[in-house]
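Residue strings, one per chain:
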Amino acid sequence: MLGKGKVERGALQRSNYAAPVVARAAATLFAVAAVLTGCSGGVFDPQGPIAAGNTKILLNSLAVMLVIVIPTLVALLLIAWKYRATNSQARYDPEFVYSGRIELIVWGIPTLTILFLGGLIYYGSQRLDPRMPIISDKPQLNVQVVALDWKWLFIYPDQQVATVNKLVIPAGVPVHFTLTSASVMNAFFVPQLGSMIYVMNGMQTDLHLQADHAGTYYGQSAHFSGDGFSDMHFQVHAIPAQEFGAFLSGLKAGTGVLNADAYLKLAQQGSDVSAATFGHAQSGLFDAIVHQALPPGLGPTRNKSVSEPGIRPKANPSPTGSANPAPQHREEAHDAR
């Protein structure tokens with residue numbers, strides 16, 4: 001009787017704990033549903049084939065995982081109800097040690113789920129490879145992207161024009177982006193159009209995206225890169241294809257020239273930079289940035305006006321008032337290189 005009383009008290013405690021756990025789980029599911037239904041402008045509001053493929057992978061993965069989550073929540077309710085303290089008909093088996101069927105369920109279902117998720121992700125990753133061109137009967141548009149501190153430079157090499165913090169593309173036309181960074185590692189991301197991709201100084205990567213419909217989409221830096229990171233965003237204007245030629249003609253009529261000297265001025269650190277255009281972009285400028293024929297930007301490691309790291313929070317001075325010699329040696333070595 002004493003052992004049974006302990007079991008009954010344990011069952012009562014489990015039933016008392018089950019209610020708030022289930023309530024929190026239900027509240028979480030409702031919150032997720034509310035977010036998914038009102039997330040216009042984000043990854044769940046795709047406006048291109050790559051973004052649609054990414055969203056499909058996310059939703060399929062969610063559905064597969066819910067196959068485990070929902071039965072688990074239902075089983076939690078059933079067990080809490082069946083083994084409540086007032087149920088004298090519940091089976092009491094203090095000698096229970098092992099069940100092969102339970103082990104098969106507990107390990108088999110998660111294993112199959114992981115394999116299924118892995119297959120979905122593998123297939124999607126192959127089909128949505130950033131370097132794979134988008135199949136279309138329209139010729140692709142080439143755009144070169146440079147991540148600066150803290151702004152984005154877009155060069156149209158075939159048209160020899162350029163813009164800053166403003167990207168204009170024709171709707172329904174695949175766009176081939178060639179990307180690099182002028183200083184530290186960064187990440188290019190337009191949530192409604194598709195895959196995020198990282199860029200590094202001295203290296204080049206490729207990305208293919210397409211906007212199916214005309215509209216204005218938000219683009220951003222998705223990797224912390226210093227003080228001006230929070231202002232490093234841009235607008236993507238997808239306009240009808242027949243209007244894109246007029247946009248290029250308007251750019252070429254401008255007086256701005258992007259050459260090596262203009263680029264070096266543009267590469268200086270500055271945040272919250274307004275959109276700008278260049279009516280002519282020097283040929284081969286992007287390749288000179290990639291091959292470091294033009295010097296890399298300062299990055300967030302040193303502010304141009306003071307000789308201390310341009311990051312927050314600032315390092316506290318040592319109690320003796322002297323700087324740590326190790327970082328100083330590393331900076332001197334970097335300057336020497």
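All of these numbers come straight from a predicted model, not from anything done at the bench.

1. Here we look at the packing of helix α2 (residues 49–82) against helix α3 (residues 100–127)
For step 1, the next point in the chain: Orientation of α2 relative to α3, taken along the N-to-C sense of each, is 175°, at an axis distance of 10 Å. With respect to α3, the element α2 is oriented roughly antiparallel. Contacts between α2 and α3 involve Gly53, Ile57, Asn60, Ser61, Val64, Met65 and Ile68 from the first element and Ile109, Pro110, Thr113, Phe116, Leu117, Leu120, Gly124 and Arg127 from the second.
For step 2, the next point in the chain: Residue composition of the contact of α2 with α3, by class: nine nonpolar, five polar and one charged.

2. Quick word on the packing of aromatic side chains
Ring pairs (aromatic) are described by centroid distance and by the angle formed between their planes.
For step 1, the next point in the chain: Within this structure, the stated rule accounts for eight aromatic pairs.
For step 2, the next point in the chain: With a centroid separation of 5.6 Å and 65° between ring planes, the pair formed by Phe224 and Phe229 is classed as edge-to-face.
For step 3, the next point in the chain: Given the relative accessible area of 25%, Phe229 is considered partly exposed.
For step 4, the next point in the chain: The structure contains a cluster of three or more aromatic residues connected by ring pairs, namely Trp152, Phe154, Phe177, Phe188 and Phe234.
For step 5, the next point in the chain: For Arg84, the ring lying beneath its charged end belongs to Trp81, and the centroid distance is 3.9 Å.

3. Here we look at the pattern of salt bridges
For step 1, the next point in the chain: Using the criterion set out here, one finds one salt bridge in the structure.
For step 2, the next point in the chain: With a closest N to O distance of 3.5 Å, Arg91 and Asp93 form a salt bridge.
For step 3, the next point in the chain: With a relative accessible area of 34%, Asp93 lands in the partly exposed category.

4. Describing the sheet that holds strand β3 (residues 161–164)
For step 1, the next point in the chain: An order of β8-β5-β1-β2-β3-β12 is seen for the six strands of this open sheet, with the pairing classed as mixed. Strand pairing shows two members of the sheet lacking a second neighbour, β8 (205–209) and β12 (276–278), which therefore form its edges. On average, each strand axis in the sheet is tilted by 20° relative to the strand beside it, whichever way the strands run.
For step 2, the next point in the chain: With four bridges connecting them, strand β2 (residues 151–156) and β3 associate as antiparallel partners. Counterpart to Tyr156 in the pairing with β3 is Val161.
For step 3, the next point in the chain: The strands touched by helix α4 (residues 241–252) within the sheet are β1 (141–148), β2, β3 and β12, with β3 carrying the most contacts at an inclination of about 90°.

5. Brief notes about a nonpolar patch on the surface
For step 1, the next point in the chain: On the surface, Val43, Phe44, Leu58, Leu59, Leu62 and Met65 cluster together to form a nonpolar patch covering roughly 450 Å² of accessible area.
For step 2, the next point in the chain: Mapped onto the fold, Leu59 is located in helix α2.

6. Here we look at the side chain of His208
For step 1, the next point in the chain: Tracing the backbone through its elements, the reader meets His208 in strand β8.
For step 2, the next point in the chain: Polar contacts involving the side chain of His208 include one to the main-chain carbonyl oxygen of Pro130, which spans 3.0 Å.

7. Section: the confidence of the model for the protein chain
For step 1, the next point in the chain: In this model, the protein chain carries an average pLDDT of 78, and 76% of its residues clear a pLDDT of 70 or more.
For step 2, the next point in the chain: Confidence drops under pLDDT 50 across residues 1–19; counting only partners more than four residues distant or on other chains, this segment forms 10 contacts.
For step 3, the next point in the chain: Low pLDDT, under 50, characterises residues 33–38; the stretch is placed with two contacts to residues that sit more than four places away or in other chains.

8. Quick word on the nonpolar core
Soluble globular proteins tend to bury their nonpolar side chains together.
For step 1, the next point in the chain: Within the largest apolar cluster, 38 residues are counted, with the highest numbers of intra-cluster contacts made by Val143, Tyr156, Ile169, Phe177 and Phe188.
For step 2, the next point in the chain: Setting aside anything within four residues of it in sequence, one finds Val143 in contact with Phe154, Ile155, Tyr156, Pro157, Leu167, Val175, His176, Phe177 and Thr178.
For step 3, the next point in the chain: Within the second largest apolar cluster, 20 residues are counted, among which are Leu148, Ala182, Leu266 and Ala281.

9. Section: the sheet that holds strand β7 (residues 197–199)
For step 1, the next point in the chain: An order of β4-β10-β9-β6-β7 is seen for the five strands of this open sheet, with the pairing classed as mixed. The strands lining the two open edges of the sheet, one partner per strand, are β4 (166–170) and β7. On average, each strand axis in the sheet is tilted by 25° relative to the strand beside it, whichever way the strands run.
For step 2, the next point in the chain: In this fold α4 packs onto β4 and β10 (233–239), with an angle of close to 135° to the strand it touches most, β4.

10. Digging into α4
For step 1, the next point in the chain: In a regular helix each residue adds 1.5 Å, so 12 residues correspond to 16 Å; α4 covers 18 Å between its end C-alpha atoms and thus fits that length.
For step 2, the next point in the chain: If you check which residues of α4 are buried, you get Phe244, Phe247, Leu248 and Leu251. Along the axis of α4, the buried positions cluster into a sector of 100°, meaning they face one direction only. For α4, the exposed residues lying more than 90 degrees away from the buried face are Gln242 and Ala246.
For step 3, the next point in the chain: Looking at the buried side of α4, the elements it contacts are β1, β2, β3, β4, β10 and β12.

11. Notes on α3
For step 1, the next point in the chain: For α3, built from 28 residues, the straight-helix expectation of 40 Å at 1.5 Å per residue is met to within 8% by its first-to-last C-alpha distance of 40 Å.
For step 2, the next point in the chain: Residues of α3 that are buried: Thr113, Leu117 and Gly124.
For step 3, the next point in the chain: Buried residues along α3 sit in contact with α2.

12. Description of the pairing of β10
For step 1, the next point in the chain: In the sheet, β4 pairs with β10 via five bridges, with the strands oriented parallel. Note that in β10 the partner of Lys166 across the bridge is Gln235.
For step 2, the next point in the chain: Sheet topology places strand β9 (residues 215–221) next to β10; six bridges connect them, and they run antiparallel. By the bridge assignment for β10, Gln220 is matched with His233.

Reading guide: rules and limits
Residues numbered from 1 in each chain as written. Predicted model: local features only at pLDDT ≥ 70, side-chain atom pairs only at ≥ 80, totals over all residues. Heavy atoms only, no water. Axes fitted to C-alpha atoms, helices over the stretch in contact; angles between N-to-C directions. Helix = DSSP H or I, 4+ residues; strand = E, 2+ residues; numbered from the N terminus. Parallel < 35°, antiparallel > 145°, perpendicular 65-115°, else oblique. Contact = heavy atoms within 4.5 Å. Nonpolar A, V, L, I, M, F, W, Y, C, P; charged D, E, K, R; others polar. Phe/Tyr/Trp six-rings, centres within 6.5 Å; stacked < 30°, edge-to-face > 60°. Buried < 20%, exposed > 50% of the residue type's maximum accessible area, 1.4 Å probe, protein only. Lys NZ or Arg CZ within 6 Å of the ring centre and 35° of its normal. Salt bridge = Lys/Arg side-chain N within 4 Å of Asp/Glu carboxyl O. Pairing = 2+ DSSP bridges. Patch = residues over 30% accessible without salt bridge, like charges linked within 9 Å, V, L, I, M, F, W, Y side chains within 5 Å. Areas by Shrake-Rupley, 256 points an atom, 1.4 Å probe, with all protein chains shown as cover. Polar contact = N/O pair within 3.5 Å; in protein donor to acceptor, adjacent residues only side chain to side chain. pLDDT = per-residue confidence, 0-100. Core = buried A, V, L, I, M, F, W, Y, C linked by side-chain atoms within 4.5 Å. Expected span 1.5 Å × (residues − 1). Arc of directions from axis to C-beta.

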